[in-house]
Amino acid sequence: MFKDQKICFSGVQPSGNLTIGNYLGAIRNFSLYSEQYKTFYCVVDEHAITVRQVPAELRRRTYETLALYMACGLDPEKNTLYVQSHVPEHAELAWILNCYTMYGELSRMTQFKDKSAKHADNINAGLFTYPVLMAADILLYQTDVVPVGIDQKQHVELARDIANRFNSVFPDALTIPEPIISKSGMKIMSLAEPTKKMSKSDENVNAVVYILDDKDTVIRKFRRAVTDSDTCVRFAEGKDGINNLMTIYSCFTGKTMEEIEHEFDGKGYGDFKLAVGEVCADALAPVQARYTELLADKAGLEAQMKRGAEEASYYARRTMSKIRKKIGFVSL
Ligand code: TYM
């Protein structure tokens, strides 16, 4: 496959307020790739409607997610930032790839099992075929690397399987993507149930630290975080709550687990929780300040959406014209 540049693609759903899990597991790392790759970062609004959304809220969150991308350091001059539904080729390729994806493969997706248990009254076909739309997002840009948190690894692996199957019928059609999982922030856990992923759709707001939480809220949430009956700050099996707090502290300070254990040697959980809250709030403050400025300029965000969609469309159309020909659709 001829390409002048390697491609990096990732996406975030505008389905709730973004959390420090989204930040540490994904968005914070996105800007690392813009030197080495042509980068596409998409606000995946079509994914969000697999569960019911209030239209006005979905629209508002779409603007907010784009603003957060930029506030987290993604420069639109260096990265293509856009909204999925503005590039209709995502949905078009998803349909085609649906015909190259097996029912059994989709049935094995753990996120489908979790989400269908959670939304038992609305197990729609979109929820089931969601990973095919995600594969289309990735494959549409002939993507080489996909930076994601570990919860999305299974979906990227499915995208690889679908691409390989498609290529076995139509040689050289699609690039096979690789997931990139950041080691430190790969899975940030809930503060209330530290064996569960921190998730923007969690109903318990105290289990989740949002990127936009103010300092007092951040500190209060960490103070209430579930830990264990031990008193010693150390990373060990069975200490899920403390392990999670240490991971978060390590992500924000760059310190290793040994350094953190040493720093809090002889101190109690109270001191440690306060320190985690402080480093987290201090890191989020500049993101929040920039976000507020960006969000106030709605016309500026719309101009960015338009520009991003135009840039993305150029690449999307190129892949689609090739795929249509290979499949045997008549081109006019
Ligand atoms: P979404 O919107 O749930 O999450 C966006 C990104 O944040 C990561 N993430 C986490 N990382 C660490 N700890 C956590 N607690 C945590 N929670 C979320 C996710 O792994 C993800 O990288 N299906 C995707 C969106 C998507 C996509 C794509 C991603 C659609 N098309 C194509 C990559 C490529 C999703 O629902 O992510």
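Here is a short report on the structure shown in this document. Per chain, residue numbering runs from 1 following the sequence as it is written. Totals for whole chains, interfaces and linings use all residues, but because this is a predicted model, local features are given only for residues with pLDDT of at least 70 and pairs of side-chain atoms are given and counted only at 80 or more. Excluded from the side-chain calculation are hydrogens and water; included are all heavy atoms of the structure.

Around the ligand, a shell composed of 27 residues is seen, among which Y130, D137, D151, I188 and K200 lie nearest. Between N22 and the ligand, the recorded distance is 3.1 Å, taken from a side-chain N or O atom to an oxygen atom. In this structure, Y130 approaches the ligand through a side-chain N or O atom, which is 2.5 Å from a nitrogen atom. To measure how exposed things are, a 1.4 Å probe is used in the Shrake-Rupley method; for residues, cover is taken only from the protein chains shown. Computed on the free molecule, the ligand has an accessible area of 710 Å², of which 98% lies beneath the protein chains in the complex. The helix and strand labels rest on DSSP assignments: H or I over at least four residues marks a helix, E over at least two residues marks a strand, and numbering proceeds from the N terminus. Broken down by secondary-structure element, the contributors of at least two residues to the shell around the ligand are β1 (7-12), α1 (20-30), α7 (125-140) and β4 (145-148). Any residue with at least one heavy atom within 4 Å of a molecule or strand is counted as near it. Distance and chemistry together define a polar contact, namely a pair of N or O atoms within 3.5 Å, with one atom able to donate a hydrogen and the other to accept it when in protein, and with adjacent residues in sequence counting only for side-chain atoms on both sides.

Planes of paired rings set the category: under 30 degrees apart is stacked, over 60 is edge-to-face and the rest tilted, where pairs are Phe, Tyr or Trp rings (Trp by its six-membered ring) whose centres lie within 6.5 Å. The final tally for this structure, using the stated rule, is 18 aromatic pairs. With a centroid separation of 4.5 Å and an interplanar angle of 35 degrees, the aromatic rings of F40 and Y141 are classed as tilted. Of this pair, F40 sits in strand β2 (residues 38-43) while Y141 sits in the loop between α7 and β4, and the two are 101 residues apart along the sequence. The pair F40 / Y141 is uniform in exposure class, with both members buried. When the ring of Y100 is compared with that of F166, the centres are 4.9 Å apart and the planes differ by 75 degrees; the resulting orientation is edge-to-face. Residue Y100 is found in the loop between α4 (89-98) and α5 (103-107), and its partner F166 is found in helix α8 (residues 153-169); the two are separated by 66 residues along the sequence. Under the relative-accessibility criterion, Y100 is labelled buried at 18%. Each member of the aromatic cluster is reached from another via a ring pair, and the members are F9, F40, Y82, Y141, Y314 and Y315. Whether a charge lies above a ring is judged from NZ of Lys or CZ of Arg, which has to be within 6 Å of the ring centre and within 35 degrees of the ring normal. Between K38 and the ring centre of F40, over which it is positioned, the NZ or CZ distance is 5.1 Å. When a residue's accessible area, from a 1.4 Å probe over protein chains only, is under 20% of the maximum for its type it is buried; when over 50% it is exposed; and in between it is partly exposed.

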